[in-house]
Amino acid sequence: MSRGGRQAYSALSVLAAGALVLTGCSKGGSDNGGDDKKQDQKNAQAQQASIKFGDASDSTGPAAEVPGAKTGGKLEVLQRDSYAHLDPGQIYVSDEGSLATLIHRGLTGYKSTDDKGVGHEVVGDLATDSGTTTDGGKTWKYTLKDGIKFADGTPITSADFRQTYERLFAPFINQGPTYLQQWLADTAGADYRKLLPDGPYKGKHLPDSVLETPDAKTIVFHFKSPHPDLPYALAMAGYAVVSKKGDTQAKYDKNPVTSGPYKIQSFKSGKSMVLVKNTNWDPKTDPIRHQYLDEMDFTFNQQFETSTKALLADSGADQTGISFNNQVDAGNLSKVLADSTLKGRTVSGYQPYVGQININQSHAPLKDKKIREAIAYALPVSPIVRAYGGNAAMEVAGGLISPTVSGYDASFDPWGKKKNPGGDQAKAKKLLQEAGKVGMKLTYGYQNTPEGQQISTAIAAALKKAGFDVQRQDIPAETYYDNIGKVNNNYDIYSSAWGADWPSSSTVIPPLYDGRAIADGSPNYSHINDDHVNSEIDRINKITDPAKSAAEWEKLDQYIVKDAINVVPTTYYKQTQIAGSKVGGLVYDNVIGGIDPRRLFIK
């Protein structure tokens, strides 16, 4: 999923009741890799750990107590970006995914098996287990737990889950994941909408041969092809339950009926949010979450530097302060990492995200491969690394597969960024001259944050040196992915970052580069529609051997980067976060890709 501002993973998919996973971050706790490359590599390799699908005993609440935890108190949460989406079906970016762990629940979820944020298993969340299949993944059955309710006191039944899944086909749902919809419709790309074009809102429903709800507690999925990864997919925030009774369609996005341990007391977009306890949440039904805090008060528009300085000062309300997603800013990062007295208040992780600059394939001038080559050579990566704090925050990328994903090839570097992160503007200008396009206008859409401004200025200067006429256009951080996700956007180039959605390499390349999925809200941000890429996605998705599929995904990665040239890989991400001295339960969680909000308490 997209970083900015998506829960993420990176791993191998296998059949049946377990998987080898390469989770998207390094170990939790207060350790950090600093700029030690060997340690970074060790962290990435260490992320190979077994994740099993839990049974009924694993899925029973309450969640294991956090050592030293206390109940009560108010947590201050300083966030850069406000939340553009609160409807589960629309949630597909990392910050909204973090919030979703507190307010939404689904059939399955990821349960921590240690206090370090490293060990996990997929368990039943609202369901009694992670699911049962007897035919290799074509048919999956789920039974709902007793005593599960929405925040308004309404019991959660299979009718709510039918509503949840059927509404995903409606036109207004255009920002969330599409795996389940495609599997139910047995089709790739955006054609899944033909199965139920208006969702459930005009009286039509998915047939029992596709989705069966024979009684109030049973949900059965019927797929034409095996989908052994279903428990992973259902753990995504995008498939959390929506209240049939409370479904206000598009308006649900700003005022959802929640099912997690917290509910939304107030939300002023761009300004503030207050979460309070959901008194209808029963911990005996929840093996994943805690409800230690009485209240969480969010303040938005807090830039990285602002939140870092406040939490470092550690006075007043900031002593009980944190940010779920802001990282330590570039100016303070080296100081924070070197200060041993801050170890108990900081966590660091090697994230699974891969940054990239998208080249908009829907714009006619950019269909010239030589121009795209010129962009690829000219783009500098060093300004991105510098803006986030150097090697402790970023590593220069060669391809689209993260070091945390099996199949990663460290030697792949077709544009020479690892050797020359400043880019090669001279070679780019020669290509532009050969194409007869010196002075060609490029509209560069960038995220309007201090880091985004700094990066865009440096990149624009490099592209101008290569012979392009670069026009910068700022995009609000809160709606950045909504804007670049529009097929008819006005930008020629723009950045994004992606991490796998659950333990399968198939959740990296197909979502981003399948041309049949081009639509508003699709993460195919570059709008590539390449016949070879599309056919290879179909072929590789049928490979059940994880090692073989990983190798084939890497081959396709290399074709996309050096032959299709619709994106230019930039960086692999690391992250350091800080909390106030009175915040307990601080852990960097590999699944979330950041601080775990579910275990926090006030000391």
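Every value quoted in this text rests on a predicted model; they were computed, and no experiment measured them.

## Brief notes about the confidence of the model for the protein
And then number 1: Averaged over all residues, the pLDDT of the protein is 90; the fraction at 70 or higher stands at 91%.
And then number 2: The low-confidence segment residues 5–35, where pLDDT is below 50, has 154 contacts with residues more than four positions distant or belonging to other chains.
And then number 3: This stretch, residues 45–49, has a pLDDT under 50; its non-local contacts, to residues over four places away or in other chains, come to 13 contacts.

## A closer look at the nonpolar core
And then number 1: Leu107, Tyr165, Phe221 and Phe468 are the most contacted members of the largest nonpolar core, which totals 122 residues.
And then number 2: Here this core gets six residues from one element, more than from any other, and that element is helix H8 (residues 369–378).
And then number 3: Residues within four places of Phe468 in sequence aside, it is in contact with Ile371, Ala374, Ile375, Leu432, Met440, Leu442 and Leu463.
And then number 4: Ranked by size, the runner-up nonpolar core spans 26 residues in total, among them Leu99, Val347, Ala579 and Ile595.

## Quick word on empty space enclosed by the protein
Sizing a probe to match a water molecule and rolling it over the atoms shows the empty space that remains.
And then number 1: By volume, the largest cavity amounts to about 310 Å³.
And then number 2: If you go around the largest cavity, you meet 24 residues; those closest to its centre are Tyr388, Gln447, Ile455, Ser495 and Tyr573.
And then number 3: Elements with a minimum of two residues in the lining of the largest cavity: strand S14 (346–359), strand S16 (441–447), helix H11 (450–465), helix H12 (480–484), strand S18 (493–498) and strand S19 (567–578).
And then number 4: Considering only residue class, the lining of the largest cavity consists of eleven nonpolar, eleven polar and two charged.

## A short note on the packing of aromatic side chains
And then number 1: This model, assessed by the stated rule, comprises 24 aromatic pairs.
And then number 2: Measuring from ring centre to ring centre gives 5.6 Å for Tyr92 and Trp498, while their planes differ by 75°; the resulting arrangement is edge-to-face. Pair noted here: Tyr92 is in the loop between strand S4 (74–78) and helix H2 (94–103) and Trp498 is in strand S18, with a separation of 406 residues, a long-range link.
And then number 3: When its relative accessible area of 4% is taken as the criterion, Tyr92 is described as buried.
And then number 4: Residue Trp498 is classed as buried on the basis of its relative accessible area, which comes to 3%.
And then number 5: Their ring planes at 40° and their centres at 5.9 Å tell us that Phe161 and Tyr165 sit as a pair that is tilted. On the criterion of helical spacing, the pair formed by Phe161 and Tyr165 is a turn pair, its members being four residues apart in helix H3 (residues 158–166). When sorted by exposure, Phe161 lands in the same class as Tyr165, which is buried.
And then number 6: Members of the aromatic cluster, each reached through a chain of ring pairs, are Tyr142, Phe161, Tyr165, Tyr179, Trp183, Phe221 and Phe223.
And then number 7: The ring of Tyr252 has Arg167 sitting right over it, with the charged end atom 5.3 Å from the ring centre.

## Some words on the sheet that holds strand S13 (residues 321–322)
And then number 1: Overall, mixed pairing links the five strands, which are arranged S10-S11-S12-S4-S13 in an open sheet. Where the open sheet ends on each side, the last strands, each with one partner, are strand S10 (262–268) and S13.
And then number 2: As judged from the five bridges shared by strand S11 (residues 272–277) and strand S12 (residues 295–299), these two strands associate in the antiparallel manner. Looking across to S12, one finds that Leu275 is bridged to Met296.

## A look at the side chain of Asp253
And then number 1: By the secondary structure assignment, Asp253 is in the loop between helix H5 (230–234) and S10.
And then number 2: One buried charged residue, Asp253, remains without a salt bridge, the closest side chain of opposite sign being Lys254 at 5.5 Å.
And then number 3: There is a polar contact of 2.6 Å between the side chain of Asp253 and the side chain of His85.
And then number 4: Beyond its immediate sequence surroundings of up to four residues, Asp253 is in contact with Ala84, His85, Leu86, Asp87 and Gln90.

## With respect to the pattern of salt bridges
And then number 1: According to the stated counting rule, one finds 30 salt bridges in the structure shown.
And then number 2: One salt-bridge network, in which partners are shared between bridges, spans Lys52, Asp58, Lys111 and Glu121.

## Thoughts on the environment of Thr113
And then number 1: Within the fold, Thr113 resides in the loop between strand S5 (108–112) and strand S6 (120–124).
And then number 2: For Thr113, a relative accessible area of 48% corresponds to the partly exposed category.
And then number 3: For the pair Thr113 and Ala63, spaced 50 residues apart in sequence, the C-alpha separation works out to 9.9 Å.
And then number 4: Thr113 has contacts with Gly119, His120 and Glu121, leaving out every residue within four places of it along the chain.

## Examining helix H14 (residues 531–540)
And then number 1: Those residues of H14 that sit buried are Val533, Asn534, Glu536, Ile537 and Ile540. Down the axis of H14, the buried set is contained in an arc of 165°. They therefore lie on one face.
And then number 2: Close packing links the buried residues of H14 with helix H13 (509–513) and helix H15 (546–564).
And then number 3: With a side-chain oxygen positioned 2.8 Å from the backbone nitrogen of His532, the residue opening H14 is Asp530.

## Looking at the environment of Tyr446
And then number 1: Structurally, Tyr446 can be placed in strand S16.
And then number 2: For Tyr446, a relative accessible area of 10% corresponds to the buried category.
And then number 3: Here the alpha-carbon distance between Tyr446 and Val274, two residues 172 residues apart in the chain, equals 30 Å.

## Brief notes about the pairing of S10
And then number 1: Direction of pairing for S10 relative to S11: antiparallel, over a ladder of six bridges. Paired with Lys268 across the bridge in S11 is Ser272.
And then number 2: Between S10 and the antiparallel strand that follows it, S11, lie three residues; Gly270 among them carries a positive phi value of about 85°.

## Here we look at the sheet that holds S18
And then number 1: Read across the sheet, six strands follow the order S15-S19-S14-S18-S16-S17 without closing on themselves; strand pairing throughout is mixed. The open sheet terminates on both sides in strands that have one partner only, identified here as strand S15 (394–396) and strand S17 (469–475). The average angle at which neighbouring strand axes cross in this sheet is 30°, direction not considered.
And then number 2: Alignment of S14 against S18, held across six bridges, turns out to be antiparallel. Across the sheet, the residue bridging to Gly355 is Ala497, located in S18.

## Section: unusual backbone geometry
And then number 1: The step from Gly61 to Pro62 runs through a cis peptide bond, and the omega angle for that step is 0°.
And then number 2: Along the chain, Pro62 turns up in the loop between strand S3 (48–52) and S4.
And then number 3: Even without a glycine there, the phi angle at Gln249 is positive, about 55°.
And then number 4: Residue position: Gln249 is located in the loop between H5 and S10.

## Quick notes on the packing of H14 against H15
And then number 1: The N-to-C vectors of H14 and H15 enclose an angle of 175°; their axes lie 10 Å apart at closest approach. One finds that H14 runs roughly antiparallel with respect to H15. Between H14 and H15, the contacting residues are His532, Val533, Glu536, Ile537, Arg539 and Ile540 on the first element and Ser549, Glu552, Trp553, Leu556, Tyr559 and Ile560 on the second.
And then number 2: A per-class count over the contact of H14 with H15 returns seven nonpolar, two polar and three charged.

About the thresholds
- Residues numbered from 1 in each chain as written.
- Predicted model: local features only at pLDDT ≥ 70, side-chain atom pairs only at ≥ 80, totals over all residues.
- Heavy atoms only, no water.
- pLDDT = per-residue confidence, 0-100.
- Contact = heavy atoms within 4.5 Å.
- Core = buried A, V, L, I, M, F, W, Y, C linked by side-chain atoms within 4.5 Å.
- Buried < 20%, exposed > 50% of the residue type's maximum accessible area, 1.4 Å probe, protein only.
- Helix = DSSP H or I, 4+ residues; strand = E, 2+ residues; numbered from the N terminus.
- 1 Å grid on protein atoms, 1.4 Å probe; cavity = no way out; pocket = protein on both sides within 12 Å on 5 of 7 lines; lining within 4 Å.
- Points joined across faces, edges and corners; volume = space filled by probe spheres on them.
- Nonpolar A, V, L, I, M, F, W, Y, C, P; charged D, E, K, R; others polar.
- Phe/Tyr/Trp six-rings, centres within 6.5 Å; stacked < 30°, edge-to-face > 60°.
- Lys NZ or Arg CZ within 6 Å of the ring centre and 35° of its normal.
- Pairing = 2+ DSSP bridges.
- Lys, Arg positive; Asp, Glu negative; His and termini not counted.
- Salt bridge = Lys/Arg side-chain N within 4 Å of Asp/Glu carboxyl O.
- Polar contact = N/O pair within 3.5 Å; in protein donor to acceptor, adjacent residues only side chain to side chain.
- Arc of directions from axis to C-beta.
- Axes fitted to C-alpha atoms, helices over the stretch in contact; angles between N-to-C directions.
- Parallel < 35°, antiparallel > 145°, perpendicular 65-115°, else oblique.

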